[in-house]
Protein chains: 2
Amino acid sequence: MHPFEKAVAANWPPHSWSDCTVMVAVSGGADSVALLRSLAAIRESGPGRLIAVHVDHNLRKESDTDAQFVAQLAQQLGIEGILGRVDFELSGPDGIEAAARSARYGFLRTFAMDHGARYVVTAHTADDQIETVLHRILRGTSLAGLSGIPRARELELGISLLRPMLSIRRSEVEAYLADLGQTFRHDETNDESRFFRNRLRNDLLPLLRDAYLPQVDQSLLRLAIGAAECREYVETQASQLLDVCLMRETDESVTLDAKKLGTAPPFLAKEACVLLWKQHAWPRQSMSREKWEALWTLITGDSPAPFELPGGIRAEKKGEQLTLTPLE
Amino acid sequence: MHPFEKAVAANWPPHSWSDCTVMVAVSGGADSVALLRSLAAIRESGPGRLIAVHVDHNLRKESDTDAQFVAQLAQQLGIEGILGRVDFELSGPDGIEAAARSARYGFLRTFAMDHGARYVVTAHTADDQIETVLHRILRGTSLAGLSGIPRARELELGISLLRPMLSIRRSEVEAYLADLGQTFRHDETNDESRFFRNRLRNDLLPLLRDAYLPQVDQSLLRLAIGAAECREYVETQASQLLDVCLMRETDESVTLDAKKLGTAPPFLAKEACVLLWKQHAWPRQSMSREKWEALWTLITGDSPAPFELPGGIRAEKKGEQLTLTPLE
């Protein structure tokens, strides 16, 4: 077994998935081609299926060729291939790249449900993680964001999204493909966010390594792991606090026990509120530090004047009950 | 009142310290001169004393002139001045700069106790914080390190070390001193760690601002604040867990309830151990992720073979009791 395949197998033991339907997202680039080839090589015989999924965004003129490349590769490996095509026009508040990503995961979710997949795997590498964490640090991030790309998350009930290559470096991917003599497609997309990412990869990270501290990649990877571990703990605690404080939850409003919330550690109380905001998809973008502090003052204070939080969430305290009502 | 003085007063309200003895560490550089001048300007009349302390490390030939400058400034402001001189040779495992810092805080502690000071204040700015956090991110840091320079810590029982300028930018310091027509000394020290810090300040941060993301300073400051808040919560929880798990603690060994520790969230259990290591000044440098995991396996496992952790700490489990014994 090639060392690269051993590394993938160590991250995601084949016996844990060889009996399941596994969908591999394959763009045709080096990372996803290496993922597909390694999974095809290490899977154990059994009733499981490996399916290569290519989502064509029609963003580039080479899109067709990419799709053909993936279809051929799947055929060579004796693997099912599925092509998803985004025919509607992509746009969104966070730009075309974010819209494409959102559409891609939407497709993967739908395909996974249609085909009864247990796992959807993507080929994000340690280099993607390093670049993501560095980008977020510079742009501004909470500790939650500092944990970077998650190794695993639930895509849908019973369907897990996994990244078995998240601890593997891009250089290992390239060495593996060279050893196999396996070709791949070059991603020529160069929209703004990809352009920025390329500058982090090609200019800033080499500068940091060579002129500042050579261990910067490991530093960022370890920071992400530490942040993820801390995050998991904090979110579990926050979720338990929210459960304890929740008095009523309807489509119209949410009522919390202000006394229980107000006697919890302030940090945790805020995290519980963040969780509530997330669960209801209330806008968090404009919830500045000052707004959270105003909410905390309402929760713990004696003179409760109701007020409106960003996104039209009315906060009102009556006795020891805090009620949050989306107005629109 | 000058806007700079207002900002310092907002961070550290004069009524909270004007009755106390306050020691200000003054190198003679811009930051500490601005701190001393602003505190002298905003203090309220009362029984309190303001004392300027200059610690001379004899590291630079200009040391004498720095000391004279601080003494004159204190005299002009009608403030007591104290000079501490490090006459012994500075050296240490982490270099001369770290040894000097350690000696400086040792002096401040001693002087504070001798003069019955309630507060010792230093002039660290938001720029120091930004540079510290960036340096740690590149070098590698835990989440604890990510919180950067603490705003306050206990220097000794009843003596607090505070940084009232930690949210103030260096540019504000410079504008204040220019408005006052106040001169200051230039720190010419250029040892290795200072040299690296200067490169972060003069080369890397300007590059990040101009060629990547202009908000990088705010991003790093907010990250430090978020990390500090999370840190405080986690440490409180870890301390409570440690209290609950502690069965015996003597000079020879520490015995913990392995069952209670092993049923806590793994993240918190590890943090409780980190705290224990800190309290006993056991070496944490070599406690890698693998070593912590080995300890966790011992705590939660059924087949307890005693083993030795870095720094000669023997870990042994008998029944549900985990005993840690420094061997040397």
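The name an unreviewed UniProt entry gives chain A is tRNA(Ile)-lysidine synthase, with Blastopirellula marina DSM 3645 as the organism. What UniProt records for chain A under Subcellular location (unreviewed entry) is the sentence "Cytoplasm".

### Some points on the environment of Leu204(B)
Tracing the backbone through its elements, the reader meets Leu204(B) in helix α8 (residues 192-212). In this structure, the C-alpha to C-alpha distance between Leu204(B) and Glu235(B), residues 31 residues apart in sequence, is 33 Å. Leave out the neighbours within four places in its chain, and Leu204(B) touches Leu207(A), Leu208(A), Tyr212(A), Leu134(B), Leu138(B) and Arg199(B).

### Describing the relation of the copies chain A and chain B
Placing chain A over chain B gives an RMSD of 0.1 Å and needs a rotation angle of 180°, together with 0.0 Å of translation along the axis. Considering both components of the superposition, the chain copies are consistent with a two-fold axis. When the interface residues of chain A are mapped onto chain B, 100% of them again fall at the interface, so both copies present the same face.

### Notes on unusual backbone geometry
All names here are of chain A. The phi torsion at Ala-281 lies on the positive side, around 55°, for a residue other than glycine. Mapped onto the secondary structure, Ala-281 falls in the loop between α11 (266-279) and α12 (289-300). Since its relative accessible area comes to 65%, Ala-281 is described here as exposed.

### What to know about the domain arrangement of chain A
Interface extent is often summarised as the accessible area lost during association of the parts. Partitioning chain A into structural domains gives domain 1 (3-212) and domain 2 (234-326). If you average the C-alpha positions of domain 1 of chain A and of domain 2 of chain A, the two centres end up 37 Å apart.

### Brief notes about the sheet that holds strand β7 (residues 246-249) of chain A
Residue and element names in this part refer to chain A. The 5 strands lie next to each other as β7-β8-β11-β10-β9, forming an open sheet whose pairing is antiparallel. Two strands close off the open sheet at either side, each with one partner strand: β7 and β9 (307-309). Recorded for the sheet is a direction-independent mean angle of 25° between the axes of neighbouring strands. Pairing geometry for strand β8 (residues 254-257) and strand β11 (residues 321-326), over 4 bridges, is antiparallel. For Leu-256, the partnering residue across the bridge sits in β11 and is Leu-322. Of the strands in this sheet, β9, β10 (313-318) and β11 are in contact with α12, which crosses β10 at around 20°.

### So, the packing of helix α5 (residues 126-139) of chain B against helix α9 (residues 216-245) of chain B
Residue and element names in this part refer to chain B. For the pair α5 and α9, the least separation of the axes is 9 Å and the interaxial angle reads 80°. Taken together, α5 and α9 sit at an angle that is classed as roughly perpendicular. When α5 is examined against α9, the residues Ala-126, Gln-129, Ile-130, Val-133, Leu-134 and Ile-137 are found in contact with a partner set consisting of Asp-217, Leu-220, Leu-221, Leu-223 and Ala-224. Considering only residue class, the contact of α5 with α9 consists of 9 nonpolar, 1 polar and 1 charged.

### Considering the sheet that holds strand β2 (residues 49-56) of chain A
All names here are of chain A. With mixed pairing, 6 strands are arranged side by side in an open sheet as β3-β2-β1-β4-β6-β5. Sheet topology places β3 (80-85) and β5 (152-156) at the edges, where each strand pairs with a single neighbour. Going across the sheet, the axis of each strand differs from the next one's by a mean of 25°, ignoring polarity. In this structure, strand β1 (residues 21-25) lies alongside strand β4 (residues 119-121), joined through 3 bridges in parallel fashion. For Val-22, the partnering residue across the bridge sits in β4 and is Tyr-119. Of the strands in this sheet, β1, β2 and β4 are in contact with helix α2 (residues 30-42), which crosses β1 at around 155°. Contacts between helix α3 (residues 63-76) and the sheet are confined to β2 and β3, with β2 contributing the most and set at about 175° to the helix.

### Some words on the interface of chain A and chain B
Across the contact, 36 residues belong to chain A and 36 residues belong to chain B. Of the roughly 3,200 Å² buried between chain A and chain B on both sides combined, carbon and sulfur atoms contribute 71%. Contact with chain B buries surface across chain A, with Leu138(A), Tyr212(A) and Tyr233(A) losing the most and accounting together for 23% of the total. Remark: the boundary between chain A and chain B carries 2 salt bridges. Salt-bridge contacts for Arg289(A) lead to Glu229(B); the nearest nitrogen and oxygen are separated by 2.8 Å. One can count 14 residue pairs in polar contact (both at pLDDT 80 or more) joining chain A with chain B. Within the residue set of the side of chain A that touches chain B, elements represented by two or more residues are α5 (126-139), α6 (143-146), α8 (192-212), α9 (216-245) and α11 of chain A. Element by element, the count of residues in the side of chain A that touches chain B is highest for α9(A), at 12 residues. For the side of chain A that touches chain B, the class distribution of residues is 23 nonpolar, 8 polar and 5 charged.

### Quick look at the pattern of salt bridges
Within the structure shown, the criterion is met by 32 salt bridges over all chains. For the salt bridge of Arg197(A) with Glu131(A), the shortest nitrogen-to-oxygen distance reads 3.5 Å. With Arg197(A) in helix α8 and Glu131(A) in helix α5, this residue pair connects regions lying 66 residues apart in the sequence. Put simply, Asp257(B) and Lys260(B) hold a salt bridge, and the shortest N to O gap is 3.9 Å. Residue classification places Asp257(B) among the buried positions, given a relative accessible area of 14%. Here the salt bridges do not stand alone but share partners, grouping Asp128(A), Glu131(A), Arg170(A), Arg197(A) and Arg201(A) into one network.

### Regarding the UniProt feature "binding site: ATP" (unreviewed entry) in chain A
Residues and elements named next belong to chain A. As annotated by UniProt and renumbered to match this structure, "binding site: ATP" (unreviewed entry) occupies Ser-27, Gly-28, Gly-29, Ala-30, Asp-31 and Ser-32. By the secondary structure assignment, Ser-27 is in the loop between β1 and α2. Residue Ser-27 is classed as partly exposed on the basis of its relative accessible area, which comes to 45%. Those residues in contact with Ser-27 that lie beyond four places of it in its chain are Ser-32, His-54, Asp-66 and Val-70. A distance of 3.0 Å separates a polar atom in the side chain of Ser-27 from the backbone nitrogen of Gly-29. Relative to the assigned elements, Gly-28 resides in the loop between β1 and α2. For Gly-28, a relative accessible area of 0% corresponds to the buried category. Setting aside residues up to four positions removed in sequence, Gly-28 forms contacts with Val-33, Phe-69, Val-70, Phe-184 and Arg-185.

### Some words on the pairing of β7(A)
Across 3 bridges, β7(A) lies against β8(A) in antiparallel orientation. Following the sheet pairing, Glu249(A) is matched in β8(A) by Val254(A).

About the criteria used
- Residues numbered from 1 in each chain as written.
- Chains lettered and ligands numbered in written order.
- Predicted model: local features only at pLDDT ≥ 70, side-chain atom pairs only at ≥ 80, totals over all residues.
- Heavy atoms only, no water.
- UniProt positions renumbered as here; feature names shortened; annotations may be inferred.
- Helix = DSSP H or I, 4+ residues; strand = E, 2+ residues; numbered from the N terminus.
- Contact = heavy atoms within 4.5 Å.
- Least-squares fit on C-alpha atoms with pLDDT ≥ 70 in both.
- Buried < 20%, exposed > 50% of the residue type's maximum accessible area, 1.4 Å probe, protein only.
- Domains from an automatic or database assignment.
- Pairing = 2+ DSSP bridges.
- Axes fitted to C-alpha atoms, helices over the stretch in contact; angles between N-to-C directions.
- Parallel < 35°, antiparallel > 145°, perpendicular 65-115°, else oblique.
- Nonpolar A, V, L, I, M, F, W, Y, C, P; charged D, E, K, R; others polar.
- Buried area = accessible area lost by both parts, 1.4 Å probe.
- Salt bridge = Lys/Arg side-chain N within 4 Å of Asp/Glu carboxyl O.
- Polar contact = N/O pair within 3.5 Å; in protein donor to acceptor, adjacent residues only side chain to side chain.

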